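Residues per chain, in single letters:
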Amino acid sequence: MAELKRTPLYDLHVALGAKMVPFAGWEMPVQYPMGVLNEHLHTRAHAGLFDVSHMGQVILRGPDAARALETLVPADVVGLAAGRQRYGLFTAPDGGILDDLMFANKGDHLYLVVNAACAEQDIAHLRRLEALGIEVLPVTDRALLALQGPEAEAVLARLLPGVGAMRFMDVAEFDWRGGRLWVSRSGYTGEDGFEIAVPQGLAVELAQALLDQPEVAPIGLGARDSLRLEAGLPLYGHDMDAATTPGAAGLGRSIPKLRRQGGARAGGFPGADTVLAELAAGPTRVRMGLRPEGRAPIRDGVEIFAAPEGGAAIGTVCSGGFGPSVGGPIAMAILPSDLAPGATVWAELRGRRIPVAIAALPFHQPGYKR
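Residues numbered from 1 in each chain as written. Predicted model: local features only at pLDDT ≥ 70, side-chain atom pairs only at ≥ 80, totals over all residues. Heavy atoms only, no water.

### Brief notes about the nonpolar core
Ranked by internal contacts, the top residues of the largest apolar core, which has 29 residues, are Leu147, Leu156, Leu160, Val183, Leu206 and Leu210. At the level of secondary structure, the elements contributing two or more residues to this core comprise strand 3 (47–51), strand 9 (142–148), helix 5 (152–159), strand 10 (171–176), strand 11 (179–184), strand 12 (193–199) and helix 6 (200–211). Looking at this core element by element, the count peaks at 7 residues for helix 6. Here Val183 is in contact with Leu156, Leu160, Met166, Asp170, Val171, Ala172, Phe174, Phe194, Glu195 and Ile196, once residues within four sequence places are set aside. Formed by 23 residues, the second largest nonpolar core is a distinct cluster that contains Ala65, Leu69, Val114 and Ile123. (Core = buried A, V, L, I, M, F, W, Y, C linked by side-chain atoms within 4.5 Å. Buried < 20%, exposed > 50% of the residue type's maximum accessible area, 1.4 Å probe, protein only. Helix = DSSP H or I, 4+ residues; strand = E, 2+ residues; numbered from the N terminus. Contact = heavy atoms within 4.5 Å.)

### What to know about the sheet that holds strand 17 (residues 328–336)
Spatial strand order, 14-17-16-15-18-19: 6 strands in a closed barrel with antiparallel pairing. Each neighbouring strand pair of the sheet contributes to a mean axis angle of 45°, computed without reference to strand direction. Alignment of strand 15 (residues 303–305) against strand 16 (residues 315–323), held across 2 bridges, turns out to be antiparallel. Paired with Glu303 across the two strands is Thr316, which belongs to strand 16. Across the face of the sheet, helix 7 (residues 221–230) comes into contact with strand 16 and strand 17 while running at roughly 110° to strand 16. (Pairing = 2+ DSSP bridges. Axes fitted to C-alpha atoms, helices over the stretch in contact; angles between N-to-C directions.)

### Regarding the sheet that holds strand 3
In space, the 6 strands of this open sheet follow the order 10-11-12-9-3-13, with mixed pairing throughout. This sheet does not close on itself; its edge strands, each paired only once, are strand 10 and strand 13 (216–218). Within the sheet, the average angular offset between the axes of one strand and its neighbour, ignoring direction, is 25°. Two elements, strand 3 and strand 9, share 4 bridges in a ladder whose sense is antiparallel. Bridged to Gly48 within strand 9 is Gln148.

### As for the side chain of Thr189
With respect to the helices, strands and loops of the structure, Thr189 is situated in the loop between strand 11 and strand 12. Given the relative accessible area of 1%, Thr189 is considered buried. Of the polar contacts made by the side chain of Thr189, one reaches the backbone nitrogen of Glu191; its length is 3.2 Å. Filtering out sequence-adjacent residues up to four positions away, Thr189 remains in contact with Arg44, Phe50, Gln148, Leu227, Arg228, Ala231 and Leu233. (Polar contact = N/O pair within 3.5 Å; in protein donor to acceptor, adjacent residues only side chain to side chain.)

Okay, here's the thing in structure tokens:
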């Protein structure tokens, strides 16, 4: 096995009592002494600090970099204003999803954040743009922190006056203790918050300055997963992958009208014919929420059936667990699109089937600053 990589905050995690686990080739904190449930609830009520330095960061520079990126991503990159960011997808020639990403217009360049497990393949994929005169520059000298929760703005404003003026999905830069911080008002918890790309030499100092605030607690991967699940946010490798189309993943909203059939810049990305035909007709299968009866969670891989007995499975749970803010088990699965919230399906657990209600997503209403 390849040696696990460590983020610049590794020693701080250990000092804080984190339980470290392998994740996407990195040694990452899954939880701290507070425990996953309390970390989750603390983030919903106050502010949680996450180390997301394992994520891939990439800069694209060159003439018409936005139009070039549109050859790989079915989003409106050209129309993205400076100081703003959007969510997008890398699609495969057969219409599947290679990864999801965030991309920001920083004025003279684009800044991308991609998933850790897909970073190497994504950078290789982006190098196709070099033939169009685009520089593809992996960012290797910055850590990435996420500060999430309803008190995140008040906390960060003490260190960076001016962040309170940022709206959801704004990006900006701030000077702090001799370094330049790249800040976005975004995150993946369903809460208001910020992601901060910080020079590696300042990463521990910034993390400690945030943890010194009474509202802030360190949060691990366990609570990060339950927070995003409650928010109905898909995770690559679970709720979407190369065998899943944007329509089936419930991510058609990330593809605007101008990139769809009849749009001003329709198609032009890998798998466009498949992806756009499915969106035009309406997907026959789509990601849905599930609320099992009782207190027992249904986990990834559990099969879903249309009836309490007999018949073939109609889907498989792709994300599942306990929702601390919801107070019960929650899950997501890609199921026939004619199922509606309130309908009953059946999950097979240990040889018996339990009733599960189709639920609207998200399970927990987000608190983003619009």
